[in-house]
Amino acid sequence: MSDMDGSGGVATAAGPDAEAENEPPHAVSVLLKGEGLQIGETPELEVPPSAKRPRLKEEEEELGPHVEPFSVPEETAAEVNSMQEVSATPAQEAPRQCEDGSEVEAEPTVSERFEEECHQNGDEGPDDAPEGEGEQKPEEERDSGGSAGSPGEAEHPACSLGLDLTQNPQMLTGAWDEYSSYPENYLKGCKWAPDGSCILTNSADNVLRVYNIPPEVYSYNWDQLPQMSPVLRMAEGDTIYDYCWYPKMNSLDPHSCFLASSSRDNPVHVWDAFYGDVRASFRPYNHLDELTAAHSLCFSPDGTQLYCGFDKTVRVFYTDRPGRDCEERPTIVKKQGQSGIISCFGFSPCQSVYACGSYSRCAGLYSCQDGSLLALLPTRHHGGLTHLLFSPDGNYLYTGGRKDPEILCWDLREPGKVVFSLKRNVATNQRIYFDLDQSGRYLLSGDTKGVVWAWDTQTAPPDGSEEPLQPQLQFQAHWDCTNGISVHPFMPLLATSSGQRQFPWPSEGDSASEGEGEEAVMVEQESRQDNALTLWWAGPLGPATEASPVQSAEAVEA
């Protein structure tokens, strides 16, 4: 179980969680053949070693004490603000080579690898933007703008590809055997890392898993993609309420590679994304001095603060000061304000403003400086809010709730005004995520029937008539509920997660059985359980792909 006092250590578990033991250290990067390995590792192919190695003494001296790396120095933050390069290890010594044999002075980024493969396959992209200084700008804007992404797709060749939603995405690979060994081990969302090197999932067995992008994705060898396996598992002690990446995460800087999670009856844990250790803990206490769990989490855009949601209260911890010290910001003052449990957060990419959604079916806008309420949006949702998202320009806020078929788009220049609504099928209390691409044009969401919906927000009527916006694309991604969807920061890659709790239903002939005094027999509902993480290609297809037997979204139905 997790270390509650924040002293660290590898997360262990018994029973269903035992699978989280003895995993290799995670480099939070894409591994290609012939590239360097971490300090102390022996050269291998893509298959990681079978056992976790202990940290070497030299590494302890380099990384510092166990809790100290959690504080990101200023020079490191400045480096993260530049183009977030992704390497095989943070200690790469030998110069890397392109596939044509020429050496490069700097580590190639994920987008550079992707661009190189596109050129080798004859796919120049729609805009064919030249290489140069402009490659760093989209990542810089994305870092300063938070999780909603940044505009300006055409400034980088990889970004210029963008999402192609005129046709169904191609299914690349996924992970499903990982979630079949534990009964009803359905997923609860997925989130790409800020640097795009890996993806994080949450599931019903209370284990956070990290997956690397398969290297074959960059070479368009999609007919050779194997099933994905997690490179890191982190087991929490109880039901995980929320989880999030550190927004300045960069694989080249081990100090910045961490994530936070909150679980029932546990403090907020900060996990090392290289080794799976608990790097630090934040302990929120209530008025009775009892430990209480946060229902939602979100780092501030600069990563210096961690916002935690509670009943009618937001607590703000400083990331360089683990422990119980925090700033309390009540959302109700003198019986006025936002009531209910704060269930989700979002930060404006342009202003010092954050939004809180609550189970009381409303959202509020607050000042980042002192937490004062700036605006309280009207109660328009039919269920409690479970997810919200700012547009990249900061002018609009998207909100969605449980047992609510609508995603509402609010115009923050006129607080309280709904520009348009997006219809989807949400029939349960489960959190159904939605996401925007880096330009803010396309919004994608799953639903309880396994369908992924994609809307073009630029087709909304300018008069703001609040009419439902018709989807540009919908396809059957899973047989079960598609509860999570995440758009890659700069590649046309989608990640979806699926599954939900299955409830037994009375069997046929129960009325006759009850008349005879016998107990009714409960059987599982006749439905296909589909607990899986899936990667989709939603961009232009290269020549290698057109000739390969890739399974498309339509083939999933077969």
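Position numbers for residues start from 1 in each chain and track the written sequence from start to end. In view of the model being predicted, local features appear only for residues whose pLDDT reaches at least 70, and side-chain atom pairs are presented and counted only at 80 or more, with totals across whole chains, interfaces and linings using the full set of residues. With hydrogens and water set aside, each side-chain value is computed from the structure's full complement of heavy atoms.

For the rest of this paragraph, the subject is the sheet that holds strand β27 (residues 473-476). Paired strands, as defined in this entry, are two strands with at least two bridges between them according to DSSP. Segments assigned H or I by DSSP are reported as helices when at least four residues long, segments assigned E as strands when at least two residues long, and all are numbered from the N terminus. Strand order in the open sheet made by the 4 strands is β24-β25-β26-β27, with antiparallel pairing throughout. The open sheet has two free edges, formed respectively by β24 (434-436) and β27, since each of these has just one partner strand. Averaged over neighbouring strand pairs, the angle between their axes works out to 15° when direction is ignored. Note that β24 and strand β25 (residues 442-445) share 3 bridges and pair antiparallel. Bridging from a neighbouring strand, L436 pairs with L443 of β25. Note on method: axes are straight lines fitted to C-alpha atoms, helices fitted across the in-contact stretch only, with angles between N-to-C directions ranging 0 to 180 degrees.

A few words on the nonpolar core. We call a set of buried residues a nonpolar core when its members are Ala, Val, Leu, Ile, Met, Phe, Trp, Tyr or Cys and they connect through side-chain atoms within 4.5 Å of each other. Any residue under 20% of the maximum accessible area for its type is buried, any over 50% is exposed, and the rest in between are partly exposed; the area is computed with a 1.4 Å probe on protein chains only. In this structure, L172, V217, L493, L533 and W537 are the most contacted members of the largest nonpolar core, which totals 22 residues. Among the elements of the structure, β1 (170-175), β2 (187-192), β29 (493-498) and β32 (533-537) are those that each provide at least two residues to this core. Residues within four places of L493 in sequence aside, it is in contact with L172, W192, I213, V217, S486, V487, H488, W536 and W537. L232, Y243, C257 and W271 belong to the second largest nonpolar core, which has 20 residues in total. When checking whether two residues touch, look at their non-hydrogen atoms; a contact exists if any pair is within 4.5 Å.

On to unusual backbone geometry, then. The residue D289 is not glycine, and still its phi comes out positive at about 60°. Although it is not a glycine, K403 sits at a positive phi angle of roughly 50°. Inspection of the secondary structure assignment puts K403 in the loop between β21 (396-401) and β22 (406-411).

What follows is about the sheet that holds strand β4 (residues 207-212). The 4 strands are arranged β2-β3-β4-β5 in an open sheet whose pairing can be described as antiparallel. What marks the edges here is a single partner per strand, and that holds for β2 and β5 (232-235). Going across the sheet, the axis of each strand differs from the next one's by a mean of 20°, ignoring polarity. As paired elements, strand β3 (residues 198-203) and β4 share 5 bridges and run antiparallel to each other. Looking at β4, one finds that I199 is bridged to Y211.

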